Amino acid sequence: MAFSRKSLLAFLLAALAWCGQPAAANDVYEATVSEMLAEQAQRIQQLETHLASLEDKTKLHADGCDDDCCDSCPGVIAGAELTFLKAHSNGLVSTTPVGDLTLVPNFDYQVAPRAWLGYQFAGGLGLRATWWGFDQGLPPSAIASGFGLEATTVDLELTDAIHLGKWDLLASGGLRYARLRQDVIGPSLLAPIDLSRDFEGLGGTFALSARRGLGGTNLALIGSARGSLVFGESFDSITSAGFGGGLPGPLEGTQRTLGSFELRLGVEWSRELSNGARFYTQTVYEAQYWQSAQLFDGLGGMDVGFTGVAVNIGLAR
């Protein structure tokens with residue numbers, strides 16, 4: 001009987017030990033699974049954060065930009081400029097019975113405004129409209145009763161901003177409207193001669209601008225060159241009361257071509273703004289040459305040039 005009790009007790013202890021092992025194993029399993037689920041949840045959270053960051057960068061690249069996602073931020077480009085230019089004209093050279101008659105105006109420096117407005121897209125391409133106007137008249141002098149000169153240009157261009165190392169380039173090309181009017185009232189043997197030319201036309205223009213920063217400062221060297229070729233009509237007139245019908249008088253519009261070339265060199269101070277734009281002010285030397293066709297047989301051409309300085313402020317991208 002004693003043996004039976006000992007055997008029964010051993011059997012019960014063995015059964016309890018056998019039943020407790022699965023419970024302990026189950027606890028270990030549940031702990032392991034909980035730890036794995038926590039790790040997976042953490043990884044999923046990290047992936048969601050990374051995807052959100054990628055979506056923000058993609059949106060900035062499509063709708064805007066920062067310094068990391070693209071080279072040129074989209075936005076408005078604009079500026080205003082005052083040019084202080086002196087006009088140079090070949091004047092009027094005519095052959096008369098008593099010799100050559102030469103009338104060369106002596107223009108002074110004149111303020112001529114310039115303004116531009118446009119928009120630049122992400123990536124560098126943009127659109128720009130530019131207007132410039134010059135208007136000066138001279139009072140009577142010993143050689144002439146008066147001179148007058150008007151010049152106007154309007155450019156509609158496609159622009160492309162290009163970054164090459166330390167150089168910032170801006171290429172532009174498009175349509176140009178140009179008007180050039182010249183008036184000369186000069187003496188003659190019998191009576192003053194009234195001569196005028198009024199050209200107006202439309203053509204093409206192309207320009208290239210370059211900018212090179214100076215070290216780590218806000219200063220930069222700048223330069224640009226532009227060429228234009230305009231086709232249009234010129235309304236010419238040469239009259240004099242003393243000659244009666246001996247001079248051509250007003251003529252119907254004549255098809256003519258006007259070519260112009262421009263050069264600019266100077267310095268710039270600029271500052272980067274928080275919205276991605278660059279505010280700048282520039283001081284440049286400017287030279288223009290307008291090549292005009294001969295007015296009449298026996299009269300020299302009326303080419304015009306402009307030289308001087310310009311000061312501007314603007315926004316670029």
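Since we're looking at a predicted model, the values are computed, not measured.

## Comments concerning the nonpolar core
Phase 1: W132, F134, L149, A151, L180, W290 and F306 are the most contacted members of the largest nonpolar core, which totals 21 residues.
Phase 2: Within the residue set of this core, elements represented by two or more residues are β1 (75-89), β5 (125-138), β6 (146-164), β7 (167-186), β8 (193-213), β9 (219-239) and β13 (304-316).
Phase 3: Excluding anything up to four places from it in sequence, L180 contacts L149, E150, A151, R197, D198, F199, L258, W290 and V304.

## Things to note about the pattern of salt bridges
Phase 1: Tallied over the entire structure, the rule returns 16 salt bridges.
Phase 2: For R181, the salt bridge identified is with D198, shortest N-O distance 3.3 Å. Of this pair, R181 sits in strand β7 while D198 sits in strand β8, and the two are 17 residues apart along the sequence.
Phase 3: Among the salt bridges present, the one from R211 reaches E268, with a minimum N-O distance of 2.5 Å. On the criterion of sequence distance, the pair formed by R211 in strand β8 and E268 in strand β11 (residues 254-272) is long-range, its members being 57 residues apart. Summarising the burial analysis for this pair, R211 and E268 share the class buried.
Phase 4: One continuous salt-bridge network, built from bridges that share partners, spans R128, D155, E157, R176, R226 and E262.

Parameters and conventions
Residues numbered from 1 in each chain as written. Predicted model: local features only at pLDDT ≥ 70, side-chain atom pairs only at ≥ 80, totals over all residues. Heavy atoms only, no water. Core = buried A, V, L, I, M, F, W, Y, C linked by side-chain atoms within 4.5 Å. Buried < 20%, exposed > 50% of the residue type's maximum accessible area, 1.4 Å probe, protein only. Helix = DSSP H or I, 4+ residues; strand = E, 2+ residues; numbered from the N terminus. Contact = heavy atoms within 4.5 Å. Salt bridge = Lys/Arg side-chain N within 4 Å of Asp/Glu carboxyl O.

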